[in-house]
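# Working through the structure, step by step
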Amino acid sequence: MKKIILVLLSMVMITASCQKKATESTEKNNASIYETLDTQAFATAIKNQAEAQIIDVRTPEEFASGHLDKAQNLNWNATEEFEKGVAQLDKSKPVFVYCLAGSRSASAAKKMQELGFATIYELEGGYQKWRAAGLADATPAGGMTQGDFDKLLDTDKKVLVDFYTTWCGPCKKLKPTLDKIATEMSDKVVVVRIDAEENLALAEALKVEGYPTLMVYENKKQVWRYLGYLSEEELKKQLQ
């Protein structure tokens, strides 16, 4: 009887071991490669991958202003459109994903990972870093020139510059405060809001790396700079 029990226990242990190995094997096969690469590594990886699928997850307007060569636009902010587009991709081939600064591409890459894509590369710092590195585009970015910007500073008043994007939550939250300051302090402050997506070259030249980016100029010289949201009280302190 004891021998029979020992045999049965042995069989149960062997079965459990086999099931565990099978599960581990399945998890290993389903695991995907997900890497965040800097601009040079991203460009090199694309060059070395003949079957690279380059995905720009920005809005169509952003895409039209400039994008990587051979990139396909799948707007992350349009959920249904994004999901339909992703469904047309080959999960076995490498995917290269980017946005403007990195936030949306990170979310999109994680979603693709959940959907079972084998190899995913995300561009660190997004299209903004790509252009700052002087890498090739399919479409040149236009917008305000440095000369145009300098003309805005030609005043005896302080100039408060706000670099924003239309999809940035803190930027939207800050806008009413800026509008209020523009009205209440019009005698000594000029408020200038610049859409970074439409003026990428200028944003790069002024080293704008996130949104909102606030700058205060006095006598054409930058005297203060801040990245992120500020309350009305905190912002007014910088303008006194």
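Note that this is a predicted model, so its numbers are computed, not measured.

Rules used throughout
Residues numbered from 1 in each chain as written. Predicted model: local features only at pLDDT ≥ 70, side-chain atom pairs only at ≥ 80, totals over all residues. Heavy atoms only, no water. pLDDT = per-residue confidence, 0-100. Helix = DSSP H or I, 4+ residues; strand = E, 2+ residues; numbered from the N terminus. Contact = heavy atoms within 4.5 Å. Buried < 20%, exposed > 50% of the residue type's maximum accessible area, 1.4 Å probe, protein only. Pairing = 2+ DSSP bridges.

Right, let's talk about the confidence of the model for the chain for a bit. Averaged over the chain, the pLDDT score is 86; the fraction of residues at 70 or greater is 85%. The secondary-structure element of the chain with the lowest mean pLDDT is helix α1 (residues 2-30), recorded at 44, while strand β4 (residues 95-98) shows the highest, at 98. A low-confidence stretch, residues 5-9 stays under pLDDT 50, and its non-local contacts, those more than four residues away or across chains, total zero contacts.

This part takes up the pairing of strand β8 (residues 213-218). Sheet faces and side chains relate simply in a regular strand, where the side chains alternate between the two faces. Most of β8 is tucked away, with five of its six residues classed as buried. As paired elements, strand β6 (residues 158-164) and β8 share five bridges and run antiparallel to each other. Directly across from L160, in β8, lies its bridge partner V216. As paired strands, β8 and strand β9 (residues 221-227) are joined by six bridges and run antiparallel to one another. Among the inter-strand pairings, T213 is bridged to a residue of β9, identified as L227.

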